[in-house]
Structures are given as structure tokens and as C-alpha cells.
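Descriptive structure summary
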Amino acid sequence: MPTPVTISENELREQFTYIDAIAGSIRDKRPRAYTHTFGCQQNEADTERIRGMLHQMGYEMTDNTEDADLVLFNTCAVREHAEDRAFGNVGALRQLKKRRPEVIIALCGCMVQQDKNVEKIKKSYPYVSLLFGTHALWRFPSLLYRVLSGEKRVFDIGGTDDIAEGLPVLRGQGAKAWLSIMYGCNNFCTYCIVPYVRGRERSRRPEEIEAELRELVAAGYKEITLLGQNVNSYGKDLALDLDFSDLLRRLNAVPGDFWLRFMTSHPKDASPRLFDAMAECDKVAKQLHLPFQSGSDTILHRMNRGYTAGEYRALIADARAKMPAITLSSDIIVGFPGETEADFEQTLALVEQTEFDLLFTFLYSPRSGTPAASYEDDATPAEKQARFERLLRAQDAIVERKQAAYQGKRLRLLVDGMAKGPDYPFTARTEGNLLVCVRGEGLQIGDFIEAEIEKTTLRCLFARKL
Ligand code: SAH
Ligand code: SF4
Ligand code: F3S
């Protein structure tokens, strides 16, 4: 496989000249930008880079579309619901644009990497003046420059599978940061749109990742999540003798007090080698998100997942043997075309036997252009809904038991935000990424604390700082 193409310094330098040109022309206006992200962490990380570029151009960020000069939505295409929400939100901007025609409305991300959506926006949303796909993100400065120079509509969904290093990033404040280690996906699960809108897998060079981690630690971030659609295949495209477990070991050696998390792992590439590295590395949180999608081998095969339910169980057993306290989460699709009641029972059995700490459960959503969209699907929506609800009920019962077992336990927590209630005013996370509401003297976001669990509910643990 060829080594990934990194955007050349010259091409990037050109973008920085646009950033400077925009900064020069808008300096006195102090314009404001509003951004909203749909979709996964990868998209959130992309938005942080767009905000970084905007910040460097001189834009201030705002939480309100009403006082924004630029409104940008970073969109997701993974399920129909995600697309509907994005279109709904863009539709709602029609009035804003009428009242304030000078507002620039921009769309980017996975949904607009698809021709059918671009056509729809061209025709039905004439007030969208800037649109760019996932491969054109680094060209944002030159595209925005064209809009600011008076071009009516600038659309760019071109580009190749490349990596742009050195773009500015404006991260949220707080304890947590995203760190992309690779982009794209090669797996082509038959239901999934991601490989079509994000291109092929490409890994960032380890020295770039390590340098960014060091910056994040120096800036005070305490929980850094390594991102990729399938982090277990990290490095396969680099001509280096290095895989994801080697990368974990290298990053674990960076000095500082922080937790490293990663997502997403694919069962076909997760290995005993990975669990050995996790167990050995003290900064790698003992938490694993390992989507299995279905407990039926027939369905797994038709999803093109590349493993069986038995192989998945063996992985979980190995991870638990090496890290007894590990917390586990997973993604499941209910109602994949052809899923029978018996197939679903196997999913339910896997859930009941494994006892995950957290599940993300989705009803199958056909994505045009993917193979599964043309598979025969004979289960009715009502049948699928009934399966979905059974699964949720089963999982809730498991979580309730698991949560209750934390009563009275002492744990290390990372304080990461403000809670809603007055009694436990802060939120925190366990090493296993469970949500905790905490109380106590001198709590501050970004602190690691020792705490004792005082009570538990289905969705939250409640703790007192010791
Ligand atoms: N790369 C990750 C997940 C990316 S999408 C992985 O392979 O695990 C996140 C989740 O969305 C998937 O795990 C899957 O459960 C769900 N998903 C993807 N496409 C879907 C579709 N067409 N319908 C319903 N759920 C889907
Ligand atoms: Fe989609 Fe499968 Fe790739 Fe995950 S591994 S992004 S589910 S194609
Ligand atoms: Fe959605 Fe794109 Fe992520 S389709 S889930 S935002 S990779």
C-alpha cells in the first residue's frame, strides 16, 4: 500500500496566505462565527480545526446563530436521522438569511461528500453559499476567501486521500481533547457510508502524533482520546515497523499525569497484543469500545465484519483476563436486512452474557450506495422496534446491577464539567469512563481526585471527594 500523501508545505503555505488576507480584510469588523457539529468525534475534531482556522483569521466564536456572520454545520451521514437533522437545521436558517442577507451559511463534512446531497443543496437551499467535503477541509481558507470576495456559491467536494499537518486547532476548554491518529476506513461494512465519505485509511506519522500529545499535556489536558474509524489498523499504510500497540507504548512514555483513551477498535483487528499493551501501559485507561454489531454469524458475515460471535467472545475473555476491572462498551445494529428473530436472540444472548457497561444501539438505516441498501429486508418496522426495545430493557437491567455494585467504592476520578443539580455540582469520569456527579471542597475541572461513591442510579454514580 502506498504511504499516505501529506499535503505539501507549499500547498498549506498558500492556505495560510489566505488566512492572513482574510485577517487583514476583516480586522475592523470583528466578525463572529457559529459552528455546530453533527456526528462522531472525528467530526468534532475536524470542527476544532475549522475553528482554529477561523480564529486565526480573526473570527470570534459565538454560541448564537442570531449574532453570527458565518454559520457552519459540520454534517454526518451515518444514519438517515443524522441527515434529516442537518437538513432541518439548514432549513431553519432560511429566515435568518432573509433578515440578514450578509450572513454566510456554510456546510461541510460527511453528508455533503455525497453527490445526491450536494444536488439537493444546490437546488433547494440556494442560500448555502459555501460547501466543502471531508477531503477539502484544509482548503477552507481559500474557499472562504472566494465567498468573501463576492463569489455567490463556492462548492468543493474534490480532493484525494491525504493528510494535512500543521493546521491551527481551537479546542474546547476543559479536561478532554481529541487526537486524530488516522483518517478514513477500508472495511466497507455493507451497511456503512463512512468509507465512501471519508476515503481510505491513512495514518499520521507517529512523531506528529507524539508531538501533538506533548502539546496537549503541556496545555493541561488530562484525558486524550486517540481517534480513528479503526485504530487497530493504525500504521498498516506507513512503511514503518509499527502497529497500534507500539504507538500506545510510545505515547504512554510521554511524561505527565493523564489518561489515554482510543476509539474505535474493530474486533477483526483487535488482538491479544493490543490487550497486552493496554495492560502494561499505566496511562492507558482500562476501557474498551469494541462494536460487535450483531451476535449472529450469518448477519456478521452479511455485514462483512470479518469475525464471528465466538471470536468476539474470545477477545472479551482475553481482555478481561488481562485487565479484570476493564469497562466495555459496544455498538449494535438492530434490524439489519434479513435479521430473523433467531438472529436477534443471538445478539441478546451476547449482550446478556457479556454484561457491557454501556451500549450504543441503533436501528438499521439504509444508506444509498452501500450494498446492504439493496438487500431484501422482510422484518416490519414494528418487529424491529420491538427487538430494539427488548434489547434496551435487557441492557438497562444489567447496567442497574453493575452501577449498584459501585456503592461505597473508592475510585480515582477526573473532574470534567459542571453538573445540573446543586447537590453534586461537578461531573467526573472514572478510568472506565463511567459518568459520576461529585461534591466536595475545592473541586476544579481538570483535577484528578479520590472519591467515594455515595449512591448510584442507572445513568450516573454519585460521589464525595475524599
Ligand atoms: N468505525 C466505527 C463506527 C463508525 S459508525 C466502527 O466500525 O466501529 C458508528 C456506529 O454507527 C457503528 O458502529 C454502527 O453500529 C452504526 N451504524 C453505521 N452505519 C449504520 C447504519 N447504516 N444504520 C444503523 N447504524 C449504523
Ligand atoms: Fe463503517 Fe465498518 Fe468502517 Fe466502522 S469499520 S467506519 S462500521 S465501514
Ligand atoms: Fe458521521 Fe462521518 Fe462520523 S458519517 S459518524 S461524522 S465519520
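Overview of the structure. Residue numbers run consecutively from 1 along every chain, following the written order of its sequence. Going through the entries in the order they are written, you letter the chains from A and number the ligands from 1. Where local features are concerned, this predicted model is filtered to residues with pLDDT of at least 70; where side-chain atom pairs are given and counted, the filter is 80 or more; whole-chain, interface and lining totals use all residues. Remark: hydrogens and water are excluded; side-chain values derive from all non-hydrogen atoms of the structure.

Quick word on the site of ligand 2
Around ligand 2, the neighbouring residues are Cys185, Asn187, Phe188, Cys189, Tyr191, Cys192, Val194, Pro195, Gln229, His266 and Arg305. Residues that form the shell around ligand 2 fall into these classes: seven nonpolar, three polar and one charged. Throughout this document, a residue counts as near a molecule or strand when at least one of its heavy atoms sits within 4 Å of that molecule or strand. Residues are sorted three ways: Asp, Glu, Lys and Arg are charged, Ala, Val, Leu, Ile, Met, Phe, Trp, Tyr, Cys and Pro are nonpolar, and all the rest, Gly among them, are polar.

Re the pairing of strand 17 (residues 410-418)
Should DSSP find at least two bridges between two strands, the strands are taken to pair. In this description a helix means any DSSP run of H or I spanning at least four residues, a strand means any run of E spanning at least two, and both kinds are numbered starting from the N terminus. Summarising the sheet, strand 17 and strand 20 (residues 448-456) pair through five bridges and their orientation is antiparallel. Bridged to Leu414 within strand 20 is Phe448. The sheet contact formed by strand 17 and strand 18 (residues 426-430) spans five bridges and is antiparallel. Looking across to strand 18, one finds that Leu414 is bridged to Arg429.

What about the packing of helix 8 (residues 206-218) against helix 9 (residues 244-252)?
Between N-to-C directions, angles span 0 to 180 degrees; the directions come from axes that are lines fitted to C-alpha atoms, helices contributing only their stretch in contact. Orientation of helix 8 relative to helix 9, taken along the N-to-C sense of each, is 35 degrees, at an axis distance of 10 Å. As for the relative orientation of helix 8 and helix 9, their crossing is right-handed in sense. Residue-level contacts link Pro206, Glu207, Ile209, Glu210 and Leu213 of helix 8 to Leu247, Arg250 and Leu251 of helix 9. Taken together, the residues of the contact of helix 8 with helix 9 sort by class into five nonpolar, no polar and three charged. For any pair of crossing helices, the crossing counts as left-handed if the nearer helix is rotated counterclockwise from the farther one by less than a right angle, and right-handed if it is rotated clockwise. Working rule for contacts: check all heavy atoms of both residues, and any pair within 4.5 Å makes them a contact.

Thoughts on the packing of aromatic side chains
Any Phe, Tyr or Trp ring, taking Trp's six-membered ring, that has another such ring centre within 6.5 Å forms a pair; planes under 30 degrees apart are called stacked, those over 60 apart edge-to-face, and the others tilted. Taken as a whole and assessed by the stated rule, the structure comprises 15 aromatic pairs. Aromatic pair Phe292 and Tyr312: ring centres 5.3 Å apart, planes at 50 degrees, arrangement tilted. A residue pair is termed long-range when its members are at least 10 positions apart, and Phe292 in the loop between strand 14 (287-289) and helix 11 (297-302) and Tyr312 in helix 12 (residues 309-322) qualify at 20 residues. Of the two residues, Phe292 and Tyr312, both sit in the buried class. Among the aromatic residues, ring-to-ring pairing joins Tyr191, Phe336, Tyr364 and Tyr375 into one connected group. A ring is scored as having a charge over it whenever the NZ atom of a lysine or the CZ atom of an arginine sits within 6 Å of its centre and within 35 degrees of its normal. The ring of Phe362 carries Arg79 above its face, with NZ or CZ at 3.7 Å from the centroid. It is Arg412 that lies over the ring of Phe448; its NZ or CZ is 3.9 Å from the centre. The buried label goes to any residue with under 20% of its type's maximum accessible area, the exposed label to any with over 50%, and the partly exposed label to all in between, with areas taken from a 1.4 Å probe on protein chains only.

With respect to the packing of helix 12 against helix 13 (residues 341-354)
One way to put it is that helix 12 packs onto helix 13 with a least axis distance of 12 Å and a crossing angle of 10 degrees. When the interaxial angle is binned, helix 12 and helix 13 end up roughly parallel. Across from Tyr312, Arg313, Ile316 and Arg320 in helix 12, the residues of helix 13 making contact are Ala349, Leu350, Gln353 and Thr354. Looking at side-chain class alone, the contact of helix 12 with helix 13 contains four nonpolar, two polar and two charged residues. Throughout, the term roughly parallel applies to angles under 35 degrees, roughly antiparallel to angles over 145, roughly perpendicular to angles from 65 to 115, and oblique to all others.

Looking at helix 5 (residues 115-124)
Among all positions in helix 5, only Asn117, Val118 and Ile121 are buried. The arc enclosing the buried residues of helix 5, seen along the axis, measures out at 105 degrees, which places them on a common side. Among the exposed residues of helix 5, those oriented more than 90 degrees off its buried face are Asp115 and Lys123. The reported arc concerns the directions from the helix axis to the C-beta atoms and nothing else.

In short, geometric facts, not functional conclusions.
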